[in-house]
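What the coordinates show
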Amino acid sequence: MTDFLKQARELFPYTRSMRRDFHIHPELGFNEIRTGGIVAKELEELGIEVTKGIGKTGIVGLLEGSKPGPTLLLRFDMDALPIVEETGAEYASQTAGVMHACGHDGHTAIGLTVAKMLHKHRNQLAGTIKFCFQPSEEGYNGEEIGGAEMMLRDGVLESPKVDKTLSLHLWNEKPLGWVHVAKGPVMAGAEQFLVKLIGKGGHGAVPHATIDPIVAAAQVISAAQTIVSRNVGPLETAVISFTMFHSGTAYNVIPQEAVLEGTIRTFDAAVRQKVLERFEKIIRDVSSAMGCQSEMIVKRLSPALINAEDVTASVQQAAHRILPDANHDQTPYLTMGAEDMAFMQELVPGCYFFIGSANPERGLDYGHHHPKFDFDEEALVLSAALMASAAADLLR
């Protein structure tokens, strides 16, 4: 049986070099022109058939095994974030106001390394590998939909039709050596909301002559917190976070309107429906009781990310075999964070796994999206080894 861990270690200088190059030159979602160009060039040099422009700036590579079989999609996200880097690393971002603060530079480098390994052993594969390098996982960045949905719209699951998927995330909330492969829900579904409360403005010294939208908004925020504590079961999970409150322009003027924005996170479809219904009712009724009109927009960002039992079981076996010394975790409901790979896994069974990447002793333990985010690059080796091994197992 192929020792992918040994091969991943041998390829580590390549993986690290690619990761650091992507880190130095980060690109925001749907602007991954340089990154995508390098990915396409690397795949083409291996002899892998490449299609560009899937999902605007996405790259798809097709590797056929020596025998017929299912098609397995391996997804790696490429985009960076609008954050000013503060790591001080020698490979720090050279693009003002943009950095890889979530590990996608590592994901892209892992994907290229896996492509090298699986291409070398393509004669052992019974089926087809579809390498999916996805743009704009972090958001829409000016478009109506995000990267996964954009690639789906462009047919990434067709020609050939995808039967299963694998994807991963470097995870700085856990130390190097931790490996998480769990069946069922692992990341939450996400909604983004915008609520506008319309009152009657006036002078701050005569509030009785106004309908104050700020007071109404405060009541709405307070009442909405009871949804999780009183309408969602104690063994169920939901989050409602108001993250923006915009109102007013002067200290002595009661404004005409207040705007609230935020996010809702759930795992279960029934819980999601209950939360959305209660949220809408509270907005409408509390606003009305305070004399305000209300407008609300709720946009679904992604469904919950749910791992298929059969695919996950295969990955778990590969993880224990290829990484016997790792701290293996199979606990579901890992995080209320969201991930647009969930759109693909709604349509095709798959497994999304996590590799611990923090190293507190080296100061590499800042959280995702922090300006000092960086990770222990040994995690690149473990990730590439497990992804290649899991893929080979599914096409054996």
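Residues numbered from 1 in each chain as written. Predicted model: local features only at pLDDT ≥ 70, side-chain atom pairs only at ≥ 80, totals over all residues. Heavy atoms only, no water.

A few points about the environment of P255
Filter applied, for reference: Each helix corresponds to a stretch of at least 4 residues labelled H or I by DSSP, and each strand to a stretch of at least 2 residues labelled E; elements are numbered beginning at the N terminus. Exposed residues in this analysis have more than 50% of their type's maximum accessible area, buried residues have under 20%, and partly exposed residues fall in between, with area computed by a 1.4 Å probe over protein chains only. The criterion used for residue contact is that any of the two residues' heavy atoms lie within 4.5 Å.
Following the sequence through the fold, P255 ends up in the loop between strand 11 (253-254) and strand 12 (257-266). Judged by its relative accessible area of 10%, P255 falls in the buried class. Between the C-alpha atoms of P255 and E10, which are 245 residues apart in sequence, the distance is 64 Å. Other than its neighbours up to four places away in sequence, P255 contacts K200, G201, P213, I214, S247 and G248.

Quick look at the sheet that holds strand 8 (residues 189-198)
The criterion, for reference: The criterion for strand pairing is that DSSP finds at least two bridges linking the strands in question. Throughout, an axis means a line fitted to C-alpha atoms (over the contacting stretch in the case of helices), and angles, computed between N-to-C directions, take values from 0 to 180 degrees.
One open sheet holds the four strands; their spatial order is 10-12-8-13, and the pairing between them is antiparallel. Of all the strands in the sheet, the pair left with one neighbour each is strand 10 (238-247) and strand 13 (293-302). Neighbour-to-neighbour, the strand axes of this sheet turn through a mean angle of 15 degrees, independent of strand direction. Across the sheet, helix 6 (residues 213-231) is in contact with strand 8, strand 10 and strand 12; its angle to strand 10 comes to roughly 170 degrees. Set on the sheet, helix 7 (residues 269-289) makes contact with strand 8, strand 10, strand 12 and strand 13; between it and strand 13 the angle comes to about 160 degrees.

What to know about the environment of H180
Inclusion rule: Polar contact is the term for a pair of N or O atoms within 3.5 Å; when the atoms are in protein, one must be able to donate a hydrogen and the other to accept it, and sequence-neighboring residues count only if both atoms are side-chain atoms.
Here H180 shows up in strand 6 (residues 178-180). Ignoring anything within four residues of it in the chain, the contact list for H180 reads V186, D329, T331, L334, F353 and F354. Within polar-contact distance, the side chain of H180 engages the backbone oxygen of T331 at 2.5 Å.

That is the geometry; function is a separate question.
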